[in-house]
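# Overview (structure and organization)
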Amino acid sequence: MIENPYHTSVLLHECIDGLAIKPDGIYVDVTFGGGGHSRAILEKLGPNGRLFAFDQDPDAWRQAEKIDDDRLELITANFRHIQKYLRIHGIKEVDGIMADFGVSSFQLDAAERGFSTRFDGPLDMRMGPSASTDAAEVLNSYSAENLQKIFGMYGEIKNARTLAQAVVQARTQKGLKTTSEFKEILAKLAPRSREFKYFAQAFQAVRIEVNQELAVIEEFLEQAATLLSPGGRLVVLAFHSLEDRLVKNFIRTGDCHGKEDKDLFGVVHKPVESVIRKPITASEDELKRNPRSRSAKLRIAAKL
C-alpha cells in the first residue's frame, strides 16, 4: 500500500482488514480525502469489483483525478446523501462501507481553509463549498446562549459560558474575520499550560457546528445499515468522543443515542453486530510516525 503525501491515513491496514474485502464486491469509501483508504481498497479488488467514494471537498476531487481506475466512481457530495447517490448509480446493496471522520492533513495545513490553530486565515472551516454557513457567521451572529451550547457540547469546554460572552463582547467592537482574532479571545481564557488544547477544542466546536458533523454521522449510520448486504462490513474511524459515542451506541443498540429497541421477550433488535471486542487504537509505532493518530478509535461491525 503506497501512502499519499497529501494525507497520512490512520490505521490503514486495520481498516482494510476490517472490510474483509471480496475481490468482486461493491464497496464505499464515504470520506475519500487524500485517497489512502480508497487506493488500498482498489488494491484488494479484482477486475469486477467496484468502489464508490464520496467527498465534498474540491481538494479531494483533485486527488481522485490522479487515480486512473475504471472501478472507482467519485461522488462529489456529502455522505449524508449516501443512499440517494448510490441509487442514482443503480446500487441498492454493498459489501462494505468505510468512514474516516478525521480532518485531513491537507485541510489542517491549508491556512486559507481556517481549520488550523497554527496559521492565520479566514474564519471558514467549511468541509465543502456547498455549506451554507461558515465559522465567521457562527461567531458573529449566534447568540451567547447558542455559542455556549456549541462550546460546551461540541468542544467540551468547561468555561463555555464565559467564552461565549467574550466572543459576543468582542464582536460588538469589530466583526471577527480571521482565526487569529478568534485566538486572541481564546488566549485570554485558556488554562495556563493548556492553551493549545483549549484552542483545539474551541476550533473543533465551531467546525462541528459549521458542517453539522454529528447530524451527518447519524444520518449516515442509519443509511449504512440499510445499504449493507448480510455479512457486509461497516468500518468507522472516529477521532473524538462525540463521534465515537454515536458509532458505539449505533453498533450496540441500533440507535445513535443508545435507545434499545426491545421486543416482548427483551431481545434487542439492531442491524449490525460488532466483530471486535473493543475499539482498535494506533500502535506505538504508528503514534511515532503519525502523532495525529493518537485519538483515533476504529470500530468494525457486520450486518446481521
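What comes next concerns the included structure. (Residues numbered from 1 in each chain as written. Predicted model: local features only at pLDDT ≥ 70, side-chain atom pairs only at ≥ 80, totals over all residues. Heavy atoms only, no water.)

Two elements in contact, helix α9 (residues 179-189) and helix α10 (residues 195-211), have axes whose closest approach is 10 Å; the angle formed by their N-to-C orientations is 130°. Taken together, the axes of α9 and α10 lie oblique to each other. Considering the relative orientation of α9 and α10, their crossing is right-handed. Residues T179, F182, K183, L186, A187 and L189 of α9 lie in contact with α10, whose contacting residues are Y198, F199, A202, F203 and V206. (Axes fitted to C-alpha atoms, helices over the stretch in contact; angles between N-to-C directions. Helix = DSSP H or I, 4+ residues; strand = E, 2+ residues; numbered from the N terminus. Parallel < 35°, antiparallel > 145°, perpendicular 65-115°, else oblique. Left-handed = near helix turned anticlockwise from the far one by under 90°. Contact = heavy atoms within 4.5 Å.)

Turning to the nonpolar core, a few remarks are in order. Grouped together as the largest cluster of nonpolar side chains are 68 residues, with contacts concentrated most on L86, I97, F151, F182 and F220. By size, the runner-up hydrophobic cluster in this structure holds 27 residues, among which are V10, C15, L72 and M98. (Core = buried A, V, L, I, M, F, W, Y, C linked by side-chain atoms within 4.5 Å. Buried < 20%, exposed > 50% of the residue type's maximum accessible area, 1.4 Å probe, protein only.)

Right, let's talk about the sheet that holds strand β6 (residues 272-274) for a bit. Taken together, 7 strands build an open sheet; the order of strands is β3-β2-β1-β4-β5-β7-β6 and the sheet is mixed. A single partner strand is all that each edge strand has here, and the edge strands are β3 (72-75) and β6. The average angle at which neighbouring strand axes cross in this sheet is 20°, direction not considered. Strand direction decides the pairing type here: strand β1 (residues 26-29) and strand β2 (residues 50-54), joined by 4 bridges, are parallel. Within β2, the residue paired with I26 across the bridge is R50. Packed on one face of the sheet, helix α11 (residues 213-227) meets β4 (94-100), β5 (228-238) and β7 (297-303) and runs near 150° to β5. (Pairing = 2+ DSSP bridges.)

This brings us to the environment of R171. Turning to its location among the elements, R171 is positioned in helix α8 (residues 160-173). Measuring from C-alpha to C-alpha, the distance between R171 and L139 comes to 8.2 Å, with 32 residues separating the pair along the chain. Among all residues touching R171, those that are not within four sequence positions of it are L139, N140, S141, Y142, S143 and L147. For R171, the side chain forms a polar contact with the main-chain oxygen of L139, separated by 2.9 Å. (Polar contact = N/O pair within 3.5 Å; in protein donor to acceptor, adjacent residues only side chain to side chain.)

Here we come to the packing of helix α1 (residues 12-19) against helix α2 (residues 36-44). Where α1 meets α2, the closest approach of the two axes is 10 Å, and the angle between their N-to-C directions is 45°. As judged from the angle between their axes, α1 and α2 are oblique. Seen along the crossing, α1 lies across α2 with a hand that is right-handed. Residues L12, C15, I16 and L19 of α1 lie in contact with α2, whose contacting residues are G36, H37, A40, I41 and K44. Among the residues forming the contact of α1 with α2, the class breakdown is 6 nonpolar, 2 polar and 1 charged. (Nonpolar A, V, L, I, M, F, W, Y, C, P; charged D, E, K, R; others polar.)

Moving on to empty space enclosed by the protein. The tally for this structure, following the rule as stated, stands at 1 cavity of 30 Å³ or more. The volume enclosed by the largest cavity comes to roughly 450 Å³. The wall of the largest cavity is formed by 31 residues, among which T31, F79, D100, G102 and M127 lie closest to the centre. Of all the secondary-structure elements, those providing two or more residues to the lining of the largest cavity are α2 and α11. The element best represented in the lining of the largest cavity is α11, accounting for 3 residues. (1 Å grid on protein atoms, 1.4 Å probe; cavity = no way out; pocket = protein on both sides within 12 Å on 5 of 7 lines; lining within 4 Å. Points joined across faces, edges and corners; volume = space filled by probe spheres on them.)

This paragraph deals with the packing of aromatic side chains. Evaluation of the coordinates by the stated rule reveals 6 aromatic pairs. For the pair F79 and F101, a centre-to-centre distance of 6.1 Å together with 20° between the ring planes defines the contact as stacked. Taken together, the positions of F79 in the loop between β3 and α4 (82-88) and F101 in the loop between β4 and α5 (105-109) put the pair 22 residues apart, joining distant regions of the chain. The same class applies to F79 and to F101, which are both buried. Between F151 and F182, the aromatic rings sit 6.4 Å apart at their centres with planes inclined by 20°, giving stacked as the arrangement. (Phe/Tyr/Trp six-rings, centres within 6.5 Å; stacked < 30°, edge-to-face > 60°.)

All we've got here are geometric facts, nothing functional implied.
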